[in-house]
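Structural overview for review
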Amino acid sequence: MTALLEVEDLRVAYGKIEAVKGISFTVEAGQVVTLIGTNGAGKTTTLRTLSGLLKPTSGKITFEGKPLTGIPAHKIVALGLAHSPEGRHIFPRLTIAENLQLGAFLRTDKAAIAKDIQRAYDLFPILGERRKQASGTLSGGEQQMLAMGRALMSQPKLLMLDEPSMGLSPIMMQKIMQTIVELKAQGTTILLVEQNAQAALSLADHGYVMEIGKISLTGTGQDLLHDESVRKAYLGED
Ligand SMILES: Nc1ncnc2c1ncn2[C@@H]1O[C@H](COP(=O)(O)OP(=O)(O)OP(=O)(O)O)[C@@H](O)[C@H]1O
Ligand SMILES: [Mg+2]
């Protein structure tokens, strides 16, 4: 069986600086796969390349068996890959409802869009309560929920989340992690980039540890959670 997403020997550079130095990984349909690693490891660069926002210097990206390299970002969204970016990037002056609507910009099925907006409100009731409020007035955690809700509006087969727990309180973080589990149960495949290794590995089927542009370790979420080197480097144990 081919994986939903296959990345082979991917390299990405900013000018002369190579940020991703030949990484390979796969995401099987129905899984939650996490990419963990220290600051500057190349995680965001990897997601931005998968989304078509950055051009790789070499390597192969295959989604549902078809090559993604060279396809423009909006077409990649249309193929079923959505990205909730680091730092959220919601439109602060637009309302919550308008931000969600924008997530469906490629769709024309009005009734189904309305249903999916309702689904986002069911997932995150606070968004429903505040639907007419300018999004810039939401708290950080609420903006994160909106960013996830908006990414879901393109009905993705693969949802990529870049540090959804960044800056969140433990309760908000728990809520986001619970939502990831719920989305998985509803059939969405998820590629999760996280600094919070404990939270990410606890719910991931598979994990990859990235260090300065390379994948240094891979295993099931549980394997990595119990791996001594991971515990030392990412879970703060001596
Ligand atoms: N636009 C850019 N121009 C030049 N270098 C960049 C650019 N964006 C990122 N880099 C560099 O590429 C490397 C990888 O950055 P990236 O943002 O992918 O890391 P990351 O793993 O997402 O880190 P973090 O956990 O801090 O978000 C870093 O050394 C960074 O300084
Ligand atoms: Mg990053």
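An account of the accompanying structure is given in this report. In this text the structure is predicted, and so the values were computed from the model without any measurement.

Cut-offs used in this document
- Per chain, residue numbering runs from 1 following the sequence as it is written.
- For this description, chains carry letters from A and ligands carry numbers from 1, given in the order in which they are written.
- In view of the model being predicted, local features appear only for residues whose pLDDT reaches at least 70, and side-chain atom pairs are presented and counted only at 80 or more, with totals across whole chains, interfaces and linings using the full set of residues.
- The basis for every side-chain value is the complete set of heavy atoms in the structure, and neither hydrogens nor water enter the calculation.
- Only buried Ala, Val, Leu, Ile, Met, Phe, Trp, Tyr and Cys residues count toward a nonpolar core, and they belong to the same one when joined by side-chain atoms within 4.5 Å.
- Think of it in three bands: residues with accessible area under 20% of the maximum for their type are buried, residues over 50% are exposed, and the middle band is partly exposed, with areas taken using a 1.4 Å probe on protein chains only.
- Under the scheme used here, helices are H or I runs from DSSP no shorter than 4 residues and strands are E runs no shorter than 2 residues, and both carry numbers assigned from the N terminus.
- Domain extents, as shown, originate in an automatic or database domain assignment.
- Working rule for contacts: check all heavy atoms of both residues, and any pair within 4.5 Å makes them a contact.
- Water is absent from the atoms considered, so a metal site may look incomplete; donors are defined as N, O and S atoms within 2.8 Å of the metal, or 3.2 Å for Na, K and Ca.
- Only C-alpha atoms enter the line fits that serve as axes; for helices the fit covers just the stretch in contact. Angles between N-to-C directions range over 0 to 180 degrees.
- Should the near helix be turned anticlockwise from the far one by less than a right angle, the crossing is left-handed, and should it be turned clockwise, the crossing is right-handed.
- Note that Gly is not counted as nonpolar here; it falls among the polar residues with everything else outside the nonpolar set of Ala, Val, Leu, Ile, Met, Phe, Trp, Tyr, Cys and Pro and the charged set of Asp, Glu, Lys and Arg.

**Focus: the nonpolar core**
Soluble globular proteins tend to pack their nonpolar side chains together in the buried interior. Leu-100, Leu-127, Leu-159, Ile-180 and Ile-190 are the most contacted members of the largest nonpolar core, which has 44 residues in total. Of the residues forming this core, the biggest block, six residues, is contributed by helix α6 (residues 140–152). Both domains that meet at this core, namely domain 1 (1–80 + 158–238) and domain 2 (92–155), each give it at least three residues. If near-sequence neighbours (up to four positions away) are discounted, Ile-190 is found in contact with Gln-31, Val-32, Val-33, Leu-158, Leu-159, Leu-161, Ile-180, Leu-183 and Lys-184. Counting 25 residues, the second largest nonpolar core, distinct from the first, contains Ile-23, Leu-35, Leu-50 and Tyr-208.

**Some words on the coordination of the magnesium ion (ligand 2)**
Looking at the metal site, the magnesium ion (ligand 2) is ligated by Thr-44 (OG1), Glu-86 (OE) and Glu-86 (OE), spaced 1.9 to 2.8 Å from it. Here the residue Thr-44 occupies a position in helix α1 (residues 43–50), and Glu-86 occupies one in the loop between β6 (81–84) and α3 (96–103), the gap between them amounting to 42 residues. By relative accessible area, Thr-44 is classed as partly exposed at 22%.

**A short note on the packing of α3 against α6**
To characterise two packed helices, one gives the angle between the axes of the helices and the distance between these axes. Viewed as axis vectors pointing N to C, α3 and α6 meet at an angle of 35 degrees, and their least axial separation amounts to 7 Å. Viewed along their axes, α3 and α6 form a crossing whose handedness is right-handed. Where α3 approaches α6, its residues Ile-96, Asn-99, Leu-100 and Gly-103 are matched on the opposing element by Leu-146, Gly-149 and Arg-150. Looking at the contact of α3 with α6 residue by residue, the class counts come to three nonpolar, three polar and one charged.

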